[in-house]
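Notes for the structure review
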Amino acid sequence: MSGAGEALVAVHAAVHDDLEARWWRSAEALTALHLADAKVRWADFAAALARHAEREDADVLPPFFAAGEPPRGASREIMAGEHERLVALAGDTGRALGDVPDEGATRREAIDVLDQMLRVKHLLEHHGIREQELVYPRLEGLGDEVRARVLAALG
Ligand SMILES: [Fe+2]
Ligand SMILES: [Fe+2]
């Protein structure tokens, strides 16, 4: 996926597409009332989300902030805050999902959890657009070393 010649924004978009696909697998299982499946798939989504946020914190945001004053809307506080909030919300949602029984769950219980899942999805979409528009385009001009480090973090 992450070819050396490919634009960083495209490689990063693919990572977020993959996260969204994992989100959908859990949501689809939940809405079919296949709770055990939905739980496993949510755990998979949440782990992938946490891993991506960690990799960005370690290898994407440091060179971005080192390059100078960040653009409006991409301050350290905003970027770190959104990562923290996403991981915390995904954890809360996993616990709410865990409280719904594997067998005999009602549609109402499923919809309650779906509502929480959607909050994570919407925040992730919003955060992804911020990164696509403000963070990754700037990384493109920071040289081969930064580019290689970012590509490795997205791999
Ligand atoms: Fe991020
Ligand atoms: Fe990202």
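Quick caveat, the model's predicted, so the values are computed rather than measured. (Residues numbered from 1 in each chain as written. Chains lettered and ligands numbered in written order. Predicted model: local features only at pLDDT ≥ 70, side-chain atom pairs only at ≥ 80, totals over all residues.)

Regarding the overall build of the chain
Secondary structure summary: the chain contains 5 helices and 0 strands in total. Starting at the N terminus and ending at the C terminus, the chain contains elements arranged as α-α-α-α-α. Seen through its C-alpha atoms, the chain measures out along the principal axes to roughly 55 × 30 × 20 Å. Out of the 155 residues belonging to the chain, those deemed buried represent 25%. In the chain, the proportion of contacts linking residues at least 24 apart, taken out of those at least 6 apart, comes to 78%. (Helix = DSSP H or I, 4+ residues; strand = E, 2+ residues; numbered from the N terminus. Buried ≥ 20, exposed ≤ 12 C-beta atoms within 10 Å, placed from the backbone. Contact = placed C-beta atoms within 7 Å.)

Observations regarding the packing of helix H2 (residues 35–66) against helix H5 (residues 144–154)
Packing of H2 against H5 leaves a shortest axis separation of 9 Å and a crossing angle of 160 degrees. When the interaxial angle is binned, H2 and H5 end up roughly antiparallel. Crossing handedness for the pair H2 and H5: left-handed. Contacts between H2 and H5 involve Arg55, Glu56, Ala58, Asp59, Val60 and Pro63 from the former and Val146, Arg149, Val150, Ala152 and Ala153 from the latter. Here the contact of H2 with H5 is composed, by residue class, of 7 nonpolar, no polar and 4 charged. (Axes fitted to C-alpha atoms, helices over the stretch in contact; angles between N-to-C directions. Parallel < 35°, antiparallel > 145°, perpendicular 65-115°, else oblique. Left-handed = near helix turned anticlockwise from the far one by under 90°. Nonpolar A, V, L, I, M, F, W, Y, C, P; charged D, E, K, R; others polar.)

As for the packing of H2 against helix H3 (residues 76–99)
Orientation of H2 relative to H3, taken along the N-to-C sense of each, is 170 degrees, at an axis distance of 10 Å. The orientation of H2 relative to H3 falls into the category roughly antiparallel. Mapping the contact onto sequence places Ala38, Lys39, Trp42, Ala43, Ala46, Leu49, Ala50, Ala53, Asp57, Leu61 and Phe65 in H2 and Arg76, Met79, His83, Leu86, Val87, Ala90, Gly91, Thr93, Gly94, Leu97 and Gly98 in H3. The class makeup of the residues in the contact of H2 with H3 is 14 nonpolar, 5 polar and 3 charged.

Examining helix H4 (residues 107–139)
End to end, H4 covers 45 Å across 33 residues, agreeing with the expected 48 Å (1.5 Å per residue, within 8%). Along its length, H4 shows its largest kink, about 40 degrees, at glutamine 132. Within the sequence span of H4, burial applies to Ala110, Val113, Met117, Val120, Leu124, Glu131, Val135, Tyr136 and Leu139. At its buried positions, H4 is contacted by helix H1 (8–31), H2, H3 and H5. (Expected span 1.5 Å × (residues − 1). Bend = angle between axes of the 7 residues up to and from the residue.)

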